[in-house]
Amino acid sequence: MMRISTSWMYQQSLSTMLNQQSELAQTQNEVSTGNAINVASDNPVGAAQIVGLNHILAENTEYTSNISSANTRLSTETSTLGSVSNLLNSVNDIGLSAINSAMSSSDLSNMATQLTQYRDQLVQMANTTDANGQALFAGTSTTTTPFVTNSSTGAVTYAGNNQQSFTAIGAGLQVANGDPGSSIFMNLPAGNGSFVASANAGNTGTLVVGANSVTSTSAWSAATASGPINDTITFGANGTYAVTNAAGNPVTDSSGNPITGTYTDGGSISFDGMSIAMSGTPAAGDTVNVQSDTASNTQDVFTTLNNMITALQSGGSTTAITNTVNRQLESLNQAMNSVSTTQVAVGSRMDTLQQQSSSYSDLGVTYESALSDVQNVDIATAISNLSLQSTALQASQQVFAKVQGTSLFNYLQG
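The rules behind these values
Residues numbered from 1 in each chain as written. Predicted model: local features only at pLDDT ≥ 70, side-chain atom pairs only at ≥ 80, totals over all residues. Heavy atoms only, no water. Pairing = 2+ DSSP bridges. Helix = DSSP H or I, 4+ residues; strand = E, 2+ residues; numbered from the N terminus. Buried < 20%, exposed > 50% of the residue type's maximum accessible area, 1.4 Å probe, protein only. Contact = heavy atoms within 4.5 Å. Core = buried A, V, L, I, M, F, W, Y, C linked by side-chain atoms within 4.5 Å. Phe/Tyr/Trp six-rings, centres within 6.5 Å; stacked < 30°, edge-to-face > 60°. Expected span 1.5 Å × (residues − 1). Axes fitted to C-alpha atoms, helices over the stretch in contact; angles between N-to-C directions.

Colleague: I'm lost on the pairing of strand 11 (residues 274-279) in this one. Help?
Modeller: One face of the sheet, then the other: side chains in a regular strand alternate in exactly this way. Pairing geometry for strand 6 (residues 208-214) and strand 11, over 5 bridges, is antiparallel. Bridge pairing in strand 11 links Val209 to Met278. As defined by bridge partners, strand 10 (residues 268-271) adjoins strand 11 across 4 bridges and the pair is classed as antiparallel. Its bridge partner lying in strand 11, Ser268 is registered against Ala277.

Colleague: Any chance you could explain the side chain of Asn203 here in plain terms?
Modeller: Note that Asn203 resides in the loop between strand 5 (195-199) and strand 6. A relative accessible area of 19% means that Asn203 is categorised as buried. In contact with Asn203, other than residues within four places in its own chain, are Asp286 and Thr287.

Colleague: Is there a simple way to think about the nonpolar core in this case?
Modeller: One finds Leu88, Phe147, Phe185, Val301, Phe302 and Leu312 to be the most contacted residues of the largest nonpolar core, which totals 48 residues. Listing elements by their share of this core, those giving two or more residues are helix 2 (44-100), helix 3 (105-126), strand 2 (156-158), helix 4 (181-186), helix 6 (301-313) and helix 7 (318-375). For this core, the leading source of residues is helix 2, giving 12 residues. Excluding residues that lie within four positions of it along the chain, Val301 makes contacts with Leu88, Leu122, Phe185, Leu188, Leu332 and Ala335.

Colleague: Any chance you could explain the packing of aromatic side chains here in plain terms?
Modeller: The geometry of an aromatic ring pair is captured by the separation of the ring centres together with the interplanar angle, meaning the angle of the planes. Evaluation of the coordinates by the stated rule reveals 8 aromatic pairs. Each ring, one from Phe147 and one from Phe185, has its centre 5.5 Å from the other, and the planes form 90°; the classification is edge-to-face. Note that Phe147 is positioned in strand 1 (residues 147-149) and Phe185 in helix 4, a separation of 38 residues in sequence. The exposure classification of Phe147 matches that of Phe185, with both residues buried. Considering the side-chain rings of Phe195 and Trp220, the 5.7 Å spacing of their centres and the 40° angle between planes classify their relative orientation as tilted. A residue pair is termed long-range when its members are at least 10 positions apart, and Phe195 in strand 5 and Trp220 in helix 5 (residues 217-223) qualify at 25 residues. As far as burial versus exposure is concerned, Phe195 and Trp220 are alike and both buried. In textbook terms, an aromatic cluster arises when at least three aromatic residues are bridged by ring pairs, as seen for Phe137, Phe147, Tyr158, Phe185 and Phe302.

Colleague: What is the right way to look at helix 6 in this model?
Modeller: Structurally, the α-helix is built with 3.6 residues per turn, so residues lying three or four positions apart point the same way. A rise of 1.5 Å per residue sets the reference length of helix 6, with its 13 residues, at 18 Å; its end C-alpha atoms lie 19 Å apart and thus fit the reference within 8%. Residues of helix 6 that are buried include every one of Val301, Phe302, Thr304, Leu305, Asn306, Met308, Ile309, Ala311 and Leu312, and no others. Just downstream of helix 6, Gly315 is the residue with a positive phi angle, here 75°.

Colleague: Can you help me understand the sheet that holds strand 9 (residues 260-262) in this one?
Modeller: What holds strands together in a sheet is hydrogen bonding between their backbones, with the strands either parallel or antiparallel. Pairing within the open sheet is antiparallel, and its 5 strands lie in the order 5-12-7-8-9. Edge strands, defined here as strands with exactly one partner in the open sheet, are strand 5 and strand 9. Neighbour-to-neighbour, the strand axes of the sheet open up by a mean angle of 20°, direction not taken into account. When strand 5 meets strand 12 (residues 287-292), the two strands line up antiparallel, connected through 5 bridges. Residue pairing across strands places Ala199 opposite Val288, the latter belonging to strand 12.

Colleague: How do you make sense of the sheet that holds strand 10 when you look at a structure like this?
Modeller: In space, the 3 strands of this open sheet follow the order 6-11-10, with antiparallel pairing throughout. Of all the strands in the sheet, the pair left with one neighbour each is strand 6 and strand 10. Sheet twist, expressed as the average angle between the axes of neighbouring strands with direction ignored, equals 15°.

Colleague: Looking at this model, I keep getting lost on unusual backbone geometry. Mind explaining?
Modeller: What you tend to see is this: most non-glycine residues have negative phi, and most peptide bonds are trans. Unlike most non-glycine residues, Asn238 shows phi in positive territory, near 60°. Note that Asn238 resides in the loop between strand 7 (230-235) and strand 8 (240-244). In this model, Asp272 sits at a positive phi of 50°, which is unusual for a non-glycine residue. Note that Asp272 resides in the loop between strand 10 and strand 11.

In structure tokens, the structure reads:
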């Protein structure tokens, strides 16, 4: 027969009640905080999962904020580029009017004044800043005013750099949040993008160089295989012409014959895969230079406008003005292409941002749900447990109080 001491009975009862009080306190804490895990010791594995999930959610929040900032900046850029495109279209309309209509010197002067206003507006647009006051088109020198106008000459210089600034929108994923103005407005190919054909300023005839293009890619590639071309078309009497290179040697065709011919008003001259449309009558000795576009043969859009302004204000002959404006319209077209290409690139980046933002939104729901499963307590279950544990503790206390008052004398009296 096992003997149970009074002290052991007291100790067992006390241990039971202390355990019940501990469980009750934990359940009360879960109900009051709504968390199943309040300290790591409650559930070490679950606590580690909570830390990891909170870290992921914090990263997603940071990336989502970055996406919002980048999207705002790119939205400002695409809006500005849209305005730039509209302005360049207006400049193009003025240039076409200047060469296709009978304009008086007063009309041309008024056009020059309007182009001056457009140039100043273009500089202002190119210096646009985002919501934080940072320049859109300064590369990574966002605190610099990128385009500066010389008040005396009207020449515009670029003070930014050639780098793109990026925003991190994911682990190892970055998106450009701007474009350097040098690539949009400054370092633009001259002419049609392949070559420039320009009438010599000293010509005395009425020859006007019109539209020109590469009509045979293979012939053009062969002609430029050994380097850029720098040829001169020289006219003789009655429209005859011959083509020489920079060294003064005859340029030959694929059969090795010197390129010569006779030009007629409104016709074109073709060689080495190029076609150069012309009009008017050249005088003997008049020349047209044909030069490949190269890294050094570029022209910024502000110079294009300034050249048009100078030509319209010059009071020169119709032939001279038309030749100058024709070339500037070609350069203007390169600027318009540059703006259009950048608009497409910006649109693509904004689409990437939208997709990434949607991805983070979906992931956020998933991770929040996973965090809730680990961290949040089932309130209904916890309240039920709280009631049961409270009742059990009260019962233990009552039993202990009754047993504590029991002795052998109570038994004998009974």
